[in-house]
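Structural features, examined
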Amino acid sequence: MKFCQGPKCHQYKTKDRIKGTKGNKTYQTRRKSSMYYGGGNFCSFQCYNDWANEFADRAIDHFGRTTTAKHLTEQNAWYKDYTWNSNNDTVYIYINGITKEQRPLTKEQYSDKSYTLNTGE
Ligand SMILES: [Zn+2]
């Protein structure tokens, strides 16, 4: 169980946020085992957006602000995809978004988030 990181989560008056003993009830930050927004850190898009409005500038300055245009080139245009062959088997492929070249991928390579043919950002 983890808490929603939305700075205003407790300010949204929904029934499920009312917690506490009788006579001591308050609206509280949501706590869930799984959340679907902002990498699993926020209970709703609203809470995600509240966080971004308050902290995005500082977070971007901390992790590195984009100050020049990035370029999609042959070296970083590879993306993974899958299709089906005539036997209806799943076929995993790497496609270059610039050259349209295709290369075969194993299922393991497809699932491995660190496996890439890209050599730049
Ligand atoms: Zn929330």
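What about the pairing of strand β5 (residues 78–84)?
- Pairing analysis gives seven bridges linking β5 to strand β6 (residues 90–96), with the strands arranged antiparallel. Bridge assignment links W78 to a residue of β6, and that residue is N96.
- Where β5 folds back onto β6 in an antiparallel hairpin, the turn is made up of five residues, including N88, whose phi is positive at roughly 70 degrees.

Observations regarding the coordination of the zinc ion
- Coordination of the zinc ion by the protein comes from C4 (SG), C9 (SG), C43 (SG) and C47 (SG), over a distance range of 2.3 to 2.4 Å.
- In this structure, the zinc ion is coordinated by four donor atoms arranged in tetrahedral fashion, with angles at the metal of 107 to 114 degrees.
- Between consecutive donors of the zinc ion, the numbers of intervening residues give the motif C-x4-C-x33-C-x3-C. Note on accessibility: C4 and C9 belong to one class, buried.

Considerations on the environment of T26
- Within the fold, T26 resides in strand β3 (residues 26–27).
- Residue classification places T26 among the partly exposed positions, given a relative accessible area of 40%.
- Measuring from C-alpha to C-alpha, the distance between T26 and G120 comes to 50 Å, with 94 residues separating the pair along the chain.
- If we skip the residues at most four places from it in the chain, T26 touches R17, I18 and K19.
- A distance of 3.1 Å separates polar atoms of two side chains, one belonging to T26 and the other to Q28.

Details of unusual backbone geometry
- At N88, a position not held by glycine, the phi torsion is positive, near 70 degrees.
- Mapped onto the secondary structure, N88 falls in the loop between β5 and β6.
- If you check the backbone angles, K100 has positive phi at about 70 degrees while not being a glycine.
- Relative to the elements of secondary structure, K100 occurs in the loop between β6 and β7 (102–105).

Describing the packing of aromatic side chains
- Under the definition given, this model contains 10 aromatic pairs.
- Ring geometry for F42 against W51: centres 6.0 Å apart, planes inclined by 55 degrees, an arrangement best described as tilted.
- Between Y92 and Y110, the aromatic rings sit 4.7 Å apart at their centres with planes inclined by 45 degrees, giving tilted as the arrangement. Here Y92 is found in strand β6, whereas its partner Y110 is found in helix α2 (residues 107–111), with 18 residues between them in sequence.
- We classify Y110 as partly exposed; its relative accessible area is 27%.
- Three or more aromatic residues joined by ring pairs make a cluster, and in this case those are F42, F45, Y48, W51 and F55.

Calculation rules
All residue numbers refer to position in the chain's written sequence, counted from 1. For a predicted model such as this one, the threshold for reporting local features is a pLDDT of at least 70, and the threshold for listing and counting side-chain atom pairs is 80 or more; totals across whole chains, interfaces and linings nevertheless cover every residue. Excluding hydrogens and water, the side-chain figures rest on all heavy atoms present in the structure. DSSP-based pairing: two strands are paired if at least 2 bridges between them are found. Helix and strand definitions here come from DSSP, where helices need a minimum of 4 consecutive H or I residues and strands a minimum of 2 consecutive E residues; each element is numbered from the N-terminal end. Shown as donors are all N, O and S atoms within 2.8 Å of a metal ion, widened to 3.2 Å for Na, K and Ca; because water is not in the atom set, sites may appear incomplete. Four donors are marked tetrahedral only if all angles between them lie between 85 and 135 degrees, whereas four are marked square planar and six octahedral if opposite donors are more than 155 degrees apart and the other angles lie between 65 and 115; the remainder are marked irregular. Here's how the labels work: a residue is buried when its accessible area is under 20% of the maximum for its type, exposed when over 50%, partly exposed in between, all with a 1.4 Å probe on protein chains only. Two residues qualify as a contact provided that any one of their heavy atoms is within 4.5 Å of a heavy atom in the partner residue. In protein, a polar contact means a hydrogen-donor-capable atom and an acceptor-capable atom, both N or O and within 3.5 Å, with residues adjacent in sequence counting only if both atoms are side-chain atoms; elsewhere, any N or O pair within 3.5 Å suffices. Pairing of aromatic side chains here covers Phe, Tyr and the six-membered ring of Trp, requires ring centres within 6.5 Å, and sorts the geometry by plane angle: under 30 degrees stacked, over 60 edge-to-face, intermediate tilted.

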